[in-house]
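As a plain string of letters, each chain reads:
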Amino acid sequence: MAGINDVFNIGRTGLFAFQQGITTTANNITNQTTKGYSRQIVNFVNNRPQGGLIPTGVEIASIQRTVDQFIET
């Protein structure tokens, strides 16, 4: 059984991870007209569960740049 601190930690990690996702989205929107800018994508993963059963939230695995080859050519 997860304690109240564990539950708050799940919410905290989710908020921090998705805050970075919103920041990345804002960066994409702001720079959409900048020549040579490529869009970024945030990849989220689940944190490793405690004891194999109790979830511990989410974290950012990576932030990748994407390039549309059709548009580039």
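Quick caveat, the model's predicted, so the values are computed rather than measured.

Rules used throughout
- Residues numbered from 1 in each chain as written.
- Predicted model: local features only at pLDDT ≥ 70, side-chain atom pairs only at ≥ 80, totals over all residues.
- Heavy atoms only, no water.
- Helix = DSSP H or I, 4+ residues; strand = E, 2+ residues; numbered from the N terminus.
- Rg over C-alpha atoms; globule rule 2.2 N^0.38 Å.
- Buried < 20%, exposed > 50% of the residue type's maximum accessible area, 1.4 Å probe, protein only.
- Contact = heavy atoms within 4.5 Å.
- pLDDT = per-residue confidence, 0-100.

(A) Layout of the overall build of the protein. A tally of helices and strands in the protein yields two helices and two strands. Overall, the protein shows an N-to-C arrangement of helices and strands of α-β-β-α. Taking 11 Å as the expected radius of gyration for a compact globule of 73 residues, we find that the protein reaches 17 Å, considerably beyond that expectation. Principal-axis analysis of the C-alpha atoms places the extent of the protein at approximately 55 × 20 × 10 Å. Taken across its 73 residues, the protein has 19% of its residues classed as buried.

(B) Broad picture of the environment of aspartate 6. One can find aspartate 6 in helix 1 (residues 4–30). Owing to a relative accessible area of 28%, aspartate 6 belongs among the partly exposed residues under this scheme.

(C) Structural view of the side chain of glutamine 40. Summarising the element assignment, glutamine 40 is placed in strand 1 (residues 39–46). Those residues in contact with glutamine 40 that lie beyond four places of it in its chain are Thr24, Asn27, Asn28, Ile63, Gln64 and Arg65.

(D) Up close: the confidence of the model for the protein. For the protein, per-residue confidence averages 88 on the pLDDT scale, and 96% of positions sit at 70 or higher. When pLDDT is averaged over each element of the protein, strand 1 comes out on top at 94 and helix 2 (residues 69–72) at the bottom at 74.

(E) Representation of the side chain of serine 38. By the element assignment, serine 38 lies in the loop between helix 1 and strand 1. Using a relative accessible area of 14% as the deciding quantity, one classes serine 38 as buried. Setting aside chain neighbours within four positions, we find serine 38 in contact with Arg65, Thr66 and Val67.

(F) Structural detail: the environment of valine 58. Tracing the sequence through the fold places valine 58 in strand 2 (residues 58–66). Take valine 58: its relative accessible area is 14%, and that puts it in the buried class. The spacing of valine 58 and arginine 48 is 10 residues in sequence and 8.8 Å in space, taken between C-alpha atoms.

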